[in-house]
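Report on the structure
The primary structure of each chain is shown beneath.
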Amino acid sequence: MEQSASSSNPLPPQRTNLRATIIVLVFVGAFIALGLAKVMRDTPAACPDELIGTWNTAAQGYEDSMLVMTTHAVIFSAGRDHLDAQAVRRLEASPDGSRVLYTLVYGNSRNEEQTLIFFYDSHDQTITFKNQSHLIWTRAMVES
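From a predicted model like this one, the values you see are computed outputs, not experimental measurements. (Residues numbered from 1 in each chain as written. Predicted model: local features only at pLDDT ≥ 70, side-chain atom pairs only at ≥ 80, totals over all residues. Heavy atoms only, no water.)

1. Focus: the packing of aromatic side chains
Scanning the entire structure with this criterion turns up four aromatic pairs. Seen in terms of ring centroids, Trp55 and Tyr120 are 6.3 Å apart; in terms of plane orientation they differ by 85 degrees. Their pairing is edge-to-face. A residue pair is termed long-range when its members are at least 10 positions apart, and Trp55 in strand β1 (residues 53-57) and Tyr120 in strand β6 (residues 114-121) qualify at 65 residues. As far as the burial class goes, Trp55 and Tyr120 line up, both buried. (Phe/Tyr/Trp six-rings, centres within 6.5 Å; stacked < 30°, edge-to-face > 60°. Helix = DSSP H or I, 4+ residues; strand = E, 2+ residues; numbered from the N terminus. Buried < 20%, exposed > 50% of the residue type's maximum accessible area, 1.4 Å probe, protein only.)

2. Describing the pattern of salt bridges
Tallying each qualifying case throughout the model produces three salt bridges. We note a salt bridge from Arg90 to Glu113, for which the minimum N-O separation is 3.2 Å. Here Arg90, found in strand β4 (residues 83-96), pairs with Glu113, found in the loop between β5 (99-106) and β6; they are 23 residues apart in sequence, far enough to count as distant. Assessed through its relative accessible area of 36%, Arg90 is described here as partly exposed. With relative accessibility at 26%, the residue Glu113 sits in the partly exposed group. Among the salt bridges present, the one from Arg99 reaches Asp96, with a minimum N-O distance of 3.1 Å. Residue Arg99 is classed as partly exposed on the basis of its relative accessible area of 30%. (Salt bridge = Lys/Arg side-chain N within 4 Å of Asp/Glu carboxyl O.)

Here is the structure:
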């Protein structure tokens, strides 16, 4: 009879405990990984120092417009009546000769994301939107 009792439970208690511990650790690890993925996804991207500041353009029709970039936000202003602040969600940079092509994804939620693609010229310290090359933005002041 002792043999039939041991054949119904082929693993000794130490192995069963080890297996249960491993399963619990795998689930805890997966839970922590999911939590970190969510936090990292919701963490805003940081703008580099070269972009941080208040930017203006002298282009006709944009005299009262302003573009402000902070570490984690982009703010658009079209005169005194319109101010729109958005979180920077992602920022990619790729060299393009003496310039850097930035792709900035902004929005206060994933459903409201928009993309701004522009060149930053480190020599002239100007920003030019990729689809509006006639608009040249210069930094008026650096935000602290």
